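Each chain, letter by letter, is given below.
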Amino acid sequence: ELAAYAEEKIDVDDLAADLILKGEIVTRVRGPMEFGSRALGHRSILCAASDPRNVARINSVIKSRDFWLPFAPVIKEDRIGDYVLGPKYAPYMIEAFDSTPLGREHLIAAMHQSDHTLRPQVLRREWNPGYYGILQKVEDETGQGGLLNTSANITGEPIIHGAKEAFSMFQRSGLK
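Please read all numbers here as calculations on a predicted model, not as lab measurements.

Focus on helix α3 (residues 53-63)
(1) Moving on: Those residues of α3 that sit buried are N54, V55, I58, N59, I62 and K63. The buried side chains of α3 occupy one side of the element, clustering within an arc of 135° when seen end-on. Counted as exposed and oriented over 90 degrees from the buried face of α3: R53, A56 and S60.
(2) Moving on: Of the surrounding secondary structure, the elements contacted by the buried residues of α3 are β2 (43-48), β7 (146-151) and α7 (163-172).

Next comes the structure, spelled out in structure tokens:
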């Protein structure tokens, strides 16, 4: 199936958005490697944050985390006020915020399940246009301006670097 997309020269970010809209979990490995322990779109596992079943799905196929350990959302910058109470500039998943009622509806799978706090990555289009395009297409179709974003790695291993590590991760996980 992917070979057909390559022959047609389909934009992989557009394809990723289409797959997310179909309920799939997508791994995005594009551009330069990021520095640090956070996945900020270049080495990320992404899916709909509005479906709480995605927490168990990701944990069962790759992360094997305790159910109470939260994932984090990536949110378009212009939607942060819709999802976060008292938003301020904190774009790198390092600060926790209380969520709004709409945040709990649109981002339930990407927040702490007991207190509904979230550690958002806030994304501007100019920082990563392809990644932003995924969010924009999902928002255009669903009205939701955020996704669940977690690092592309098997628990206990570093975030994947390139194609070799990505293929190894796919072979050893339950990701499609």
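More follows now that the structure is in view.
Details of the sheet that holds strand β1 (residues 26-29)
(1) Moving on: An order of β1-β2-β7-β3-β6 is seen for the 5 strands of this open sheet, with the pairing classed as mixed. Single-partner strands in this sheet number two, and they are β1 and β6 (121-123). Strand-to-strand twist in this sheet, taken as the mean axis angle between neighbours without regard to direction, amounts to 35°.
(2) Moving on: Direction of pairing for strand β3 (residues 72-76) relative to β6: parallel, over a ladder of 3 bridges. Within β6, the residue paired with I75 across the bridge is V122.
(3) Moving on: The sheet strands contacting helix α2 (residues 12-21) are β1, β2 and β7, and the helix crosses β1 at an angle near 160°.

About the cut-offs
Residues numbered from 1 in each chain as written. Predicted model: local features only at pLDDT ≥ 70, side-chain atom pairs only at ≥ 80, totals over all residues. Heavy atoms only, no water. Buried < 20%, exposed > 50% of the residue type's maximum accessible area, 1.4 Å probe, protein only. Helix = DSSP H or I, 4+ residues; strand = E, 2+ residues; numbered from the N terminus. Arc of directions from axis to C-beta. Contact = heavy atoms within 4.5 Å. Pairing = 2+ DSSP bridges. Axes fitted to C-alpha atoms, helices over the stretch in contact; angles between N-to-C directions.

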